[in-house]
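These are the residues of each chain, in order.
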Amino acid sequence: MFARVLALLPLALLASAQSCSSENQYCCNSVQTVSQVTQILPGLSTIFAGVAANTPLGLVCSPLSVVAVAGNSCSQQTVCCKNNNFNGLINVGCSPINANL
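Predicted, not measured: the structure shown is a model, and the values here were computed from it.

Bringing the overall build of the protein into the picture now. Per the secondary structure count, the protein includes 3 helices and 5 strands. Beginning at the N terminus, the succession of helices and strands in the protein can be written as α-β-α-β-α-β-β-β. Relative to its 101 residues, the protein shows a buried fraction of 30%. Considering only contacts in the protein between residues 6 or more positions apart, those separated by 24 or more positions represent 62%. With the model as given, the accessible surface of the protein reaches about 6,500 Å², and the carbon-plus-sulfur share is 58%.

So this is what it looks like as structure tokens:
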């Protein structure tokens, strides 16, 4: 059973990348959960009240389209963020994607 799950993982990643529209793709310096970020910066806990502790956050992000236009590639974490963003400083609801697929 475990082997079947591992065999299907690349397909799931491909589907994830294909279902993410280009305006939701970002290059982020790091991806942390709400819980991890609020432990480091407790003052942000009021901003994320009502957001699940395990929700992934993209930190210090640039739209992938801007990175590509500048002639650069994303050397950090490429993610799909489908919720709110705060001018690239924090993007909420980010899932890692493989932009090289």
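So that's the structure; there's more coming.
For the rest of this paragraph, the subject is the sheet that holds strand β2 (residues 56–63). With respect to topology, 5 strands assemble into an open sheet ordered β4-β2-β1-β3-β5, the strand pairing being antiparallel. The sheet is open, and its two borders are formed by β4 (90–92) and β5 (94–96), each paired with just one other strand. Put simply, the sheet's adjacent strands are angled 55° from each other on average, direction ignored. Here strand β1 (residues 25–33) runs beside strand β3 (residues 77–81); their pairing, made up of 4 bridges, is antiparallel. Along β3, the bridge assignment pairs C28 with Q77.

With that settled, the discussion passes to the nonpolar core. The biggest cluster of nonpolar side chains holds 8 residues, and these are V34, V37, L44, F48, L57, L59, I90 and V92. Broken down by secondary-structure element, the contributors of at least two residues to this core are α2 (34–40), β2 and β4. Residues Y26, C61, C81 and C94 belong to the second largest nonpolar core, which totals 6 residues.

Turning our attention to unusual backbone geometry. Residues other than glycine seldom take positive phi values, yet V60 does so here, at roughly 50°. When you line up the elements, V60 lands in strand β2. Accessibility expressed as a relative area gives 44% for V60, which makes it partly exposed.

A few words on the pairing of β2. For β1 and β2, the ladder comprises 7 bridges, and the chain directions are antiparallel. Within β2, the residue paired with C27 across the bridge is S62.

In this structure, C27 sits in strand β1. In this structure C27 comes out as buried when scored by relative accessible area, which is 11%.

The next subject is the state of the cysteines. A full pass over the atoms with the stated rule returns 4 disulfides. Linked covalently through their sulfurs, C27 and C74 form a disulfide whose S-S length is 2.1 Å. Between C27 and C74, the disulfide has an S-S torsion of 85° and is therefore right-handed. Placement of the pair is C27 in strand β1 and C74 in the loop between α3 (64–69) and β3, with a sequence separation of 47 residues. Through a disulfide, C28 is tied to C61; the S-S separation comes to 2.0 Å. Taking the torsion about the S-S bond as the criterion, the C28 to C61 disulfide, at about 105°, is right-handed.

The rules behind each value
Residues numbered from 1 in each chain as written. Predicted model: local features only at pLDDT ≥ 70, side-chain atom pairs only at ≥ 80, totals over all residues. Heavy atoms only, no water. Helix = DSSP H or I, 4+ residues; strand = E, 2+ residues; numbered from the N terminus. Buried < 20%, exposed > 50% of the residue type's maximum accessible area, 1.4 Å probe, protein only. Contact = heavy atoms within 4.5 Å. Areas by Shrake-Rupley, 256 points an atom, 1.4 Å probe, with all protein chains shown as cover. Pairing = 2+ DSSP bridges. Axes fitted to C-alpha atoms, helices over the stretch in contact; angles between N-to-C directions. Core = buried A, V, L, I, M, F, W, Y, C linked by side-chain atoms within 4.5 Å. Disulfide = S-S within 2.5 Å.

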